[in-house]
Amino acid sequence: MSSDTITEPAPRLVEDPAELKVVPTRHYARWAAGAAVIVLIAQFVHGLATNPVWEWNVFRDYVLSETIVQAVWVTLQLTAYATVLGFLLGTVIAFMRLSRSPLLSTVAWAYIWIFRSIPMIVQLVFWFNLSALYKELGLGIPFGPVFFSVDSNTLIGTIGAAVIGLTLHQAAYAAEIVRGGVLAVDDGQLEAAAALGIPRLRQIRRIVLPQAMRAILPTAGNEIIGLLKGTSVVYVMSIGELFYQVQVIYGRNGRVIPLLLVATAWYVVLTSLLSVAQYYVERRYARGADRTPPPTPFQRARRFVTKESS
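Residue indices begin from 1 for each chain and proceed along its sequence in written order. Owing to the predicted nature of the model, reporting of local features is limited to residues with pLDDT of at least 70; listing and counting of side-chain atom pairs is limited to 80 or more, with chain, interface and lining totals taken over all residues. No hydrogens and no water enter the side-chain calculation; it runs on all heavy atoms of the structure.

- For the chain, an unreviewed UniProt entry supplies the name Polar amino acid transport system permease protein and the organism Streptomyces paradoxus.
- UniProt positions are given in the numbering used here, feature names are shortened, and annotations may be inferred rather than shown by experiment. In the Subcellular location (unreviewed entry) part of its UniProt record, the chain is described as follows: "Cell membrane".

This is how it looks when you write it as structure tokens:
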């Protein structure tokens, strides 16, 4: 008794990898998340375009009005003064913190601890009411006679009190940013400079700070952007910066939402400009470490246009 044996054909071996069928991985969860995000963005944009509460006509009337533009200028002034003075003072405090002197190090630590612990709005209100604590400010010999004195309100006006408060608050954070950047510099750099007989101040100015800038700039840029938005706190002092003027206007006409949108638009524009400036400054100080930096967005756009035209 015999039975037929069924033999299956042997699988064909593919020698050419190009003949292989490549099946891409399917990311179903990623696709679902992307679709959900697109739907949410579409709903938000649709609401901006169709919801009458936004009152875009009121937005257009006020976004470039003289009052708002002047308020933006006051905001930029406060930001510039507090940034320059805050980082200058913060750099001094940072090197005091790094000093081998126990007295200087302790004073710097105490300053940073106190001014980081007190909210900015409390500091601003305190400096605004300085005349209640000191009626006059004078110059003379410590614990001795005073040669001349000036009324506190005359010497420190409203803008001056705001600049002092913002500067002292910013200096505490700037000191830690600068200290972190200095600590990121290799100690061998200072040892080599000392072996060459380079003075200490020149070591800091020509060796330490240029290398520390790569570590300082990202955090410093974030601090400046935060300071720009933080200037809105000075509305408690009735200073005519952007947020205060917006509050005054919508307090008169009741158009709260479009006026808040005006302030939002200006803050977005200003922070975007600061972000662009931060990008190019960081790129400049990265030249020593990154010999072939990636192309900038403008360079990429120019290459794309050139490629398409050719």
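After that view, the rundown keeps rolling.
### Thoughts on the pairing of strand 1 (residues 136–140)
Step number 1: A small share of strand 1 lies buried, amounting to zero of its five residues.
Step number 2: Examined bridge by bridge, strand 1 and strand 2 (residues 146–151) share five bridges and lie antiparallel to one another. Its bridge partner lying in strand 2, Leu-137 is registered against Val-150.
Step number 3: The antiparallel hairpin formed by strand 1 and strand 2 contains five residues in its connecting segment, where Phe-143 sits at a positive phi of about 60°. Whether a residue is buried, partly exposed or exposed follows from its accessible area with a 1.4 Å probe, protein chains only, as a fraction of its type maximum: under 20%, in between, or over 50%, in that order. Runs of E in the DSSP output that reach at least two residues are strands. Runs of H or I that reach at least four are helices, and both are numbered from the N terminus. Two strands pair under a simple rule: DSSP has to find at least two bridges between them.

### What about the packing of helix 10 (residues 200–230) against helix 12 (residues 256–285)?
Step number 1: Angles shown run from 0 to 180 degrees and are taken between the N-to-C directions of axes, each axis being a line fitted to C-alpha atoms and, for helices, limited to the stretch in contact. Viewed as axis vectors pointing N to C, helix 10 and helix 12 meet at an angle of 175°, and their least axial separation amounts to 10 Å. Judged by the inter-axis angle, helix 10 sits roughly antiparallel to helix 12. Where helix 10 approaches helix 12, its residues Pro-210, Met-213, Arg-214, Leu-217, Pro-218, Gly-221, Asn-222, Ile-224, Ile-225, Leu-228 and Lys-229 are matched on the opposing element by Tyr-267, Leu-270, Thr-271, Leu-274, Ser-275, Gln-278, Val-281, Glu-282 and Tyr-285.
Step number 2: Of the residues in the contact of helix 10 with helix 12, the class split is 12 nonpolar, five polar and three charged. When describing relative orientation, an angle under 35 degrees is termed roughly parallel and one over 145 degrees roughly antiparallel, while 65 to 115 degrees is termed roughly perpendicular and anything else oblique. For this analysis, residues touch if any pair of their heavy atoms sits within 4.5 Å. Residues were grouped as follows: Ala, Val, Leu, Ile, Met, Phe, Trp, Tyr, Cys and Pro as nonpolar; Asp, Glu, Lys and Arg as charged; and all remaining residues, including Gly, as polar.

### So, the pattern of salt bridges
Step number 1: When a carboxyl oxygen of Asp or Glu is within 4 Å of a side-chain nitrogen of Lys or Arg, the pair counts as a salt bridge. Taken as a whole and assessed by the stated rule, the structure comprises three salt bridges.
Step number 2: When the shortest N-O distance is used, the salt bridge between Arg-97 and Glu-176 registers 3.1 Å. Placement of Arg-97 in helix 3 (residues 66–98) and of Glu-176 in helix 8 (residues 158–183) is noted, with a sequence separation of 79 residues between them.
Step number 3: Of the residues examined, Arg-97 reaches a relative accessible area of 22% and is grouped as partly exposed.
Step number 4: For the salt bridge of Arg-179 with Glu-176, the shortest nitrogen-to-oxygen distance reads 3.0 Å. Of this pair, Arg-179 and Glu-176 both sit in helix 8, three residues apart, roughly one helical turn.
Step number 5: When salt bridges that share partners are traced, they join Arg-97, Glu-176 and Arg-179 into one network.

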